[in-house]
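# Summary of structural features
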Amino acid sequence: MSLHEVQVTINGKSYIEYVEPRMLLSDFIRETCGLTGTHVGCEHGVCGACTVIMSGTAVRSCLIFAVQAHQQEIKTVEGLSCNGEMTPLQKNFVECHGLQCGFCTAGILMSMTDFLDKHPSPSAKEIKETLSGHLCRCTGYDGIVKAIEKTIQENKEEVLQRS
Ligand code: FES
Ligand code: FES
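None of these values were measured; they are calculated from a predicted model.

## Overview of the overall build of the protein
Looking only at helices and strands, the protein has five helices and five strands in total. In the protein, the succession of α and β elements from N to C terminus is β-β-α-β-β-β-α-α-α-α. C-alpha extents for the protein along the principal axes are approximately 55 × 35 × 25 Å. Looking at the protein as a whole, 44% of its 163 residues are labelled buried. For the protein, the share of sequence-separated contacts (at least 6 apart) that also reach a separation of at least 24 residues comes to 55%. Summed over its atoms, the accessible surface of the protein is roughly 8900 Å², and 51% of this surface lies on carbon and sulfur atoms. Put simply, the protein has 14 plus and 19 minus side-chain charges, and the middle of one group is 4 Å from the middle of the other.

This is how it looks when you write it as structure tokens:
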């Protein structure tokens, strides 16, 4: 099978690879680039575990071919922290017991990072609607919702302090 060039930037690092056209972006990220923080569960767009941010939008990397990511910019869970410092959302997941086994966590963090960037003050219904695209078998979602609500509150307080 012929190989296709994929040039992509992931977490600020440039990758140029040659892949089969059928390779999924999730496999490219994990196997070709070695970024195993992105998890693969259902491989058909249901569980949300494989979510990454591609060119500013949260997407399911198991529903995209690696060749479709050519010349795009991708952020994975490894790219969230800055100089080893977790984001407020990540810290609140820890504090609020938003994870147990952690299998779903990377995908939820990527979805909610994108969601909170675009909706700084969402309603409880909007939070739950966004979370409905992610399956978590451990937490019952309570800790996850608390972590998200705490992050929203902290962001609001920070904005108030700055004004
Ligand atoms: S592995 Fe992609 S949505 Fe489940
Ligand atoms: S923490 Fe285990 S699946 Fe969500």
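## Quick look at the packing of helix α3 (residues 105-118) against helix α4 (residues 124-131)
Packing of α3 against α4 leaves a shortest axis separation of 10 Å and a crossing angle of 140 degrees. Classified by the interaxial angle, the pair formed by α3 and α4 is oblique. Where α3 crosses over α4, the two elements pack in a sense that is right-handed. Residue-level inspection shows Ile 108, Met 112 and Phe 115 of α3 in contact with α4, the latter providing Glu 126, Ile 127, Thr 130 and Leu 131.

## Details of a nonpolar patch on the surface
On the surface, a cluster of nonpolar side chains totalling about 330 Å² of accessible area is made up of Leu 3, Ile 16 and Tyr 18. Relative to the assigned elements, Tyr 18 resides in strand β2 (residues 13-19).

## Details of the nonpolar core
One finds Phe 93, Met 112, Leu 131 and Ile 148 to be the most contacted residues of the largest nonpolar core, which totals 22 residues. At the level of elements, α2 (88-95), α3, α4 and α5 (142-162) are the ones that each hand at least two residues to this core. For this core, the element with the most residues is α3, which contributes seven residues. The contacts of Leu 131, once residues within four sequence positions are left out, are Ile 108, Met 112, Ile 144, Val 145 and Ile 148. Of all hydrophobic cores here, the second largest spans 18 residues; its members include Val 6, Ile 29, Cys 33 and Val 59.

## Side note on the domain arrangement of the protein
Note: interface size is frequently given as the accessible area lost on complex formation between the parts. Each assigned domain of the protein is listed with its residue range as follows: domain 1 (4-79) and domain 2 (88-162). Here the C-alpha centre of domain 2 lies 22 Å away from the C-alpha centre of domain 1. Summed over both sides, the interface between domain 1 and domain 2 buries roughly 1200 Å², with carbon and sulfur atoms accounting for 61% of that surface. The interface formed by domain 1 and domain 2 holds zero salt bridges in total. Put simply, domain 1 and domain 2 have six residue pairs in polar contact (both at pLDDT 80 or more) between them. Mapped by element, the contributors of at least two residues to the side of domain 1 that touches domain 2 are β3 (51-54) and β4 (57-60). Of the residues contributing to the side of domain 1 that touches domain 2, the split by class is eight nonpolar, eight polar and two charged.

So, how was this worked out
- Residues numbered from 1 in each chain as written.
- Chains lettered and ligands numbered in written order.
- Predicted model: local features only at pLDDT ≥ 70, side-chain atom pairs only at ≥ 80, totals over all residues.
- Heavy atoms only, no water.
- Helix = DSSP H or I, 4+ residues; strand = E, 2+ residues; numbered from the N terminus.
- Buried < 20%, exposed > 50% of the residue type's maximum accessible area, 1.4 Å probe, protein only.
- Contact = heavy atoms within 4.5 Å.
- Areas by Shrake-Rupley, 256 points an atom, 1.4 Å probe, with all protein chains shown as cover.
- Lys, Arg positive; Asp, Glu negative; His and termini not counted.
- Charge placed at Lys NZ, Arg CZ, Asp CG, Glu CD.
- Axes fitted to C-alpha atoms, helices over the stretch in contact; angles between N-to-C directions.
- Parallel < 35°, antiparallel > 145°, perpendicular 65-115°, else oblique.
- Left-handed = near helix turned anticlockwise from the far one by under 90°.
- Patch = residues over 30% accessible without salt bridge, like charges linked within 9 Å, V, L, I, M, F, W, Y side chains within 5 Å.
- Salt bridge = Lys/Arg side-chain N within 4 Å of Asp/Glu carboxyl O.
- Core = buried A, V, L, I, M, F, W, Y, C linked by side-chain atoms within 4.5 Å.
- Domains from an automatic or database assignment.
- Buried area = accessible area lost by both parts, 1.4 Å probe.
- Polar contact = N/O pair within 3.5 Å; in protein donor to acceptor, adjacent residues only side chain to side chain.
- Nonpolar A, V, L, I, M, F, W, Y, C, P; charged D, E, K, R; others polar.

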